[in-house]
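Results of the structural survey
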Amino acid sequence: MDLLRGLRQFVVVAEELHFGRAAEALGIAQPPLSQAIQRLERELGVELFDRSRRQIALTTAGRLLLGEARALLAAEERARGLMRMVRDGRLGTLRAGVPPDTPATVLQALLRRLADRLPAVDVDLHELTTGEQVRMLAEARLDVGLVHHPVDDADLLFGPPARVRLGVVLPRASPLATADRLTLADLAGHDLILAPRATAPGWYDHVLDVCRRHGFTPGRVRHARDPEFVLGLVLAGRGVTVEAQHAVRREPRVTWRPIVDHPLHRVVSAAWSAQAPHPAAEHFARIAAETLGEPSRDPMEVPALDAERPWSVVFARQPVIG
């Protein structure tokens, strides 16, 4: 028999001490309820009710079982509640990746919001490039990540994108720094400093394609991953780079100039497996989009998306192109 169901019925009868009222409370007829209690007694090998008098009473076994039954039913409800939280992505561990260039203020805001909205989820955060995240998502070693687009992977789902406008980073002493704005063609003759292609292949190819289409073919592409190393190369005159404005705020010897017509944006969104999605992945995607899409104090740094397209959660398999 269904023991928990039997115990649930037993508790109601024990509290009412009347089969008729208990049946009414349970929404069933009295004969089936009496039969169910008799089956429970046979299952346990004891009599739970003294039926010898006009009003039934609990036996010693019945009184002992009542406390145990209430505890078991409460534990069952707790277990069901926990499983609902797991199913809904509000409990458990979420292995999440973020790009190494994520600003500290953005990371702080993201973690604070995750803690506020998903307090029972343990976010196990990893600093990973887009290439590393895509690989680990495919190997089920990561549950969700923040990736730089374009990412062309039919096995991934993507959350709403956030766009960060990029400009040129160059030495403050450079002749180009006298201009308020630059075109990409103005960079002709310079080398370009980028993170290695393996870190984000789609983004790497996209940057070079946009540069070429706008009249800038770098003499050489120099590779650097660490932001401090990138700025060191820029200061040494080894090339220029394209970055968000926040990247230069701690180094007074370099400057940032916007690019005419803003042809380059870094597009970032959450990504997770389409085959075995983590229940909390969509929650993470929404919170990340909300955090990354906040207006910056500097309107050139993190522009809002088009006013005609307010934030909406549209999950698709196709890559997002910046």
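Figured I'd write up the structure that's included with this text. Worth saying up front: this structure is predicted, and the values here are computed from it rather than measured. (Residues numbered from 1 in each chain as written. Predicted model: local features only at pLDDT ≥ 70, side-chain atom pairs only at ≥ 80, totals over all residues. Heavy atoms only, no water.)

All right, on to the pairing of strand β13 (residues 265–273) then. With 9 of its 9 residues buried, β13 lies for the most part within the structure. Judged from the 3 bridges that link them, strand β6 (residues 156–158) and β13 form a sheet pairing that is antiparallel. When the sheet's bridge partners are listed, Leu157 is paired in β13 with Trp272. The sheet contact formed by strand β7 (residues 162–165) and β13 spans 4 bridges and is antiparallel. Each residue of the ladder has a partner; that of Arg165, found in β13, is His265. (Buried < 20%, exposed > 50% of the residue type's maximum accessible area, 1.4 Å probe, protein only. Helix = DSSP H or I, 4+ residues; strand = E, 2+ residues; numbered from the N terminus. Pairing = 2+ DSSP bridges.)

Glancing now at the sheet that holds strand β8 (residues 167–171). Sheet strands line up and pair through hydrogen bonds in the backbone, either parallel or antiparallel. Read from one edge of the open sheet, 3 strands run β11-β8-β12, paired in antiparallel fashion. A strand with exactly one partner marks an edge of an open sheet, and here the two such strands are β11 (241–243) and β12 (254–258). Across the sheet, the mean angle from the axis of one strand to that of its neighbour is 40 degrees, orientation sign disregarded. Examined bridge by bridge, β8 and β11 share 3 bridges and lie antiparallel to one another. Across the sheet, residue Gly167 finds its bridge partner in β11, namely Glu243. Lying on the sheet, helix α8 (residues 227–235) is in contact with β8, β11 and β12; it crosses β8 at an angle near 60 degrees. (Axes fitted to C-alpha atoms, helices over the stretch in contact; angles between N-to-C directions. Contact = heavy atoms within 4.5 Å.)

This brings us to the pattern of salt bridges. Evaluation of the coordinates by the stated rule reveals 19 salt bridges. Between Glu16 and Arg21 there is a salt bridge; the shortest N-O distance is 3.4 Å. Here Arg225 ties to Glu132 by a salt bridge, and the two come within 3.9 Å at their closest N and O atoms. Here Arg225, found in the loop between β10 (221–223) and α8, pairs with Glu132, found in helix α6 (residues 130–138); they are 93 residues apart in sequence, far enough to count as distant. Bridged by salt links that share partners, the residues Arg8, Glu76 and Arg80 form one connected network. (Salt bridge = Lys/Arg side-chain N within 4 Å of Asp/Glu carboxyl O.)

Compared with an ideal rise of 1.5 Å per residue, which puts 13 residues at 18 Å, helix α7 (residues 201–213) spans 18 Å between its outermost C-alpha atoms and is within 8% of the ideal. Three or more residues of α7 are buried, namely Trp203, Tyr204, His206, Val207, Leu208, Val210 and Cys211. Buried positions along α7 lie against β9 (192–194), β10, β11 and β13. Looking one or two residues beyond α7, the residue adopting positive phi is Gly215, at roughly 90 degrees. (Expected span 1.5 Å × (residues − 1).)

By themselves, these figures tell us nothing about what the structure is for.
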